[in-house]
Amino acid sequence: MKEKKNKITFIIATKNDSLNLLKTLKSIEKVFKRKNYELIIKDADSTDKPDKILKKIKNITYYTSKKDEGIYDAWNYSMQYVATEYVSFLGAGDKINPNYKKFFDFCVLKKKSNFYYCKANLIGTKIIIGKKTNKKLWPFIMPIVHVGGIFKSNFLKKNNYNAALKISGDYEVFLRTKETINICFYDRICIQMKPGGISQNPKMTVLKINEMFISIRKNYNIVLALLYYLLNMMIIFFKKRK
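Residues numbered from 1 in each chain as written. Predicted model: local features only at pLDDT ≥ 70, side-chain atom pairs only at ≥ 80, totals over all residues. Heavy atoms only, no water.

> Run through the overall build of the chain, naming residues and quoting values.
Scanning the chain from terminus to terminus reveals eight helices and nine strands. For the chain, the C-alpha radius of gyration of 18 Å lies close to 18 Å, the compact-globule estimate for 242 residues. Taken over the C-alpha atoms alone, the chain extends approximately 50 × 40 × 35 Å along its principal axes. Going through the 242 residues of the chain one by one, you find that 48% of them count as buried. The contacts of the chain with a sequence gap of at least 6 include a subset with a gap of at least 24, amounting to 74%. Surface exposure of the chain reaches about 13,000 Å², of which carbon and sulfur atoms provide 56%. Considering the chain, the positive charge centre built from 47 side chains and the negative charge centre built from 19 side chains are found 6 Å apart. (Helix = DSSP H or I, 4+ residues; strand = E, 2+ residues; numbered from the N terminus. Rg over C-alpha atoms; globule rule 2.2 N^0.38 Å. Buried < 20%, exposed > 50% of the residue type's maximum accessible area, 1.4 Å probe, protein only. Contact = heavy atoms within 4.5 Å. Areas by Shrake-Rupley, 256 points an atom, 1.4 Å probe, with all protein chains shown as cover. Lys, Arg positive; Asp, Glu negative; His and termini not counted. Charge placed at Lys NZ, Arg CZ, Asp CG, Glu CD.)

> Describe the pairing of strand β1 (residues 4–14), and please don't skip the residues or the numbers.
Across a regular strand the side chains alternate sides, sitting on one face of the sheet and then on the other. Across seven bridges, the pairing between β1 and strand β4 (residues 84–91) is parallel. The residue bridging Phe-10 from the neighbouring strand is Ser-88, located in β4. Sheet topology note: the β1/strand β2 (residues 37–43) ladder contains seven bridges and is parallel. Its bridge partner lying in β2, Ile-12 is registered against Ile-41. (Pairing = 2+ DSSP bridges.)

> Break down the pattern of salt bridges for me, with residues and values.
Evaluated as defined, the whole model comprises eleven salt bridges. Residue Lys-42 is joined to Asp-68 by a salt bridge in which the shortest nitrogen-to-oxygen separation is 2.8 Å. Residue Lys-42 is found in strand β2, and its partner Asp-68 is found in the loop between β3 (60–65) and α3 (71–79); the two are separated by 26 residues along the sequence. Given the relative accessible area of 2%, Lys-42 is considered buried. For Asp-68, a relative accessible area of 22% corresponds to the partly exposed category. (Salt bridge = Lys/Arg side-chain N within 4 Å of Asp/Glu carboxyl O.)

> An account of the packing of helix α7 (residues 205–219) against helix α8 (residues 222–241) is requested, with residue identities and associated values reported.
Angle between the axes and distance between the axes are the two parameters that describe a pair of packed helices. α8 packs onto α7 with a crossing angle of 165° between their chain directions and a minimal axis gap of 8 Å. In terms of orientation, α7 lies roughly antiparallel with respect to α8. When you trace α7 past α8, the crossing you get is right-handed. Packed against α7, whose contacting residues are Thr-205, Val-206, Ile-209, Asn-210, Met-212, Phe-213, Ile-216 and Arg-217, the element α8 presents Ile-222, Leu-224, Ala-225, Leu-226, Tyr-228, Tyr-229, Asn-232, Met-233 and Ile-236 at the interface. (Axes fitted to C-alpha atoms, helices over the stretch in contact; angles between N-to-C directions. Parallel < 35°, antiparallel > 145°, perpendicular 65-115°, else oblique. Left-handed = near helix turned anticlockwise from the far one by under 90°.)

> A description of the nonpolar core should follow, citing residues and the corresponding values.
Residues Phe-151 and Phe-174 are the most contacted members of the largest nonpolar core, which totals 35 residues. Per-element accounting of this core gives the leading share, five residues, to α3. Here Phe-174 is in contact with Phe-115, Trp-138, Met-142, Ile-144, His-146, Phe-151 and Ile-181, once residues within four sequence places are set aside. Within the second largest apolar cluster, 34 residues are counted, among which are Val-31, Leu-39, Phe-104 and Tyr-186. (Core = buried A, V, L, I, M, F, W, Y, C linked by side-chain atoms within 4.5 Å.)

> How would you summarise the packing of helix α6 (residues 169–176) against α7 if you had to cite specific residues and measurements?
Following both chains from N to C, one finds α6 and α7 inclined at 10°, their axes separated by 10 Å at the closest point. The orientation of α6 relative to α7 falls into the category roughly parallel. Together, Tyr-171, Glu-172, Leu-175 and Arg-176 of α6 and Met-212, Ser-215, Ile-216 and Asn-219 of α7 make up the contact between the two elements.

> Residues and numbers for a nonpolar patch on the surface, please.
On the surface, Leu-137, Phe-140, Ile-141, Leu-227 and Leu-231 cluster together into a nonpolar patch covering about 420 Å² of accessible area. Following the sequence through the fold, Leu-227 ends up in helix α8. Using a relative accessible area of 42% as the deciding quantity, one classes Leu-227 as partly exposed. (Patch = residues over 30% accessible without salt bridge, like charges linked within 9 Å, V, L, I, M, F, W, Y side chains within 5 Å.)

> I'd like a rundown of the packing of aromatic side chains, residues and numbers included.
Overall, the coordinates contain 27 aromatic pairs when judged by the stated rule. Aromatic pair Trp-75 and Phe-89: ring centres 4.5 Å apart, planes at 40°, arrangement tilted. A residue pair is termed long-range when its members are at least 10 positions apart, and Trp-75 in helix α3 and Phe-89 in strand β4 qualify at 14 residues. Each member of the pair, Trp-75 together with Phe-89, is buried. (Phe/Tyr/Trp six-rings, centres within 6.5 Å; stacked < 30°, edge-to-face > 60°.)

> Describe unusual backbone geometry, naming the residues involved and giving the relevant values.
In this model, Trp-138 is joined to Pro-139 through a cis peptide bond whose omega is 5°. Examined against the element boundaries, Pro-139 turns out to sit in the loop between β7 (128–129) and β8 (150–152). In this model, Asn-6 sits at a positive phi of 60°, which is unusual for a non-glycine residue. Structurally, Asn-6 can be placed in strand β1. Within the chain, Lys-33 stands out as a residue other than glycine whose phi angle is a positive 55°. Tracing the chain through its elements places Lys-33 in the loop between α1 (18–32) and β2. Note on Lys-33: relative accessible area 58%, which makes it exposed.

The following block contains the structure:
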């Protein structure tokens, strides 16, 4: 398959969230004016099948509705259908703003990096996330916004997500590729991010820490992994004491 240069594919994995999916798709259509992008929709066998909604949307190159083993499994599956030079992942309810087109143009001009990310605003709040990262501070501090981040497709096809993880697969792929990933930060708010994702769920905090412990142990060493684990468990303990 010949790679389509200077074009981007948006992969959206969703389940039972058709109305928010439509908001995301409309934001892409508004910003890109139906040019230089493609869409891949991976639905996890939703009860509210998005088929009717998707009939009104242009630029969909692949859509399927069938069960998967979670978000990272859905993303890995979708990657085989990516034919563009760049790829990005959005969730149903996330929206891109006009800055995103400038962000993408910046990526095309920059060329040398294989991952680019920007700032995001959590919808309904004044919270802004995303700062310039420093690999020397990994794995303890990683202010990268994965949502809407732009990968070189060929890089991600060689380094797919760990589908065994449920929350921290995006974090893990950065740790695993720390020697080869070349990251570039775009200091503008380009994403309106839907809050309330699984990684932001307080009930999932312990699972998230456990997954990160495994990732750090595998990609760094047991000492750093234990330090990370103990620090975060202490934070949980003192929060409960308040």
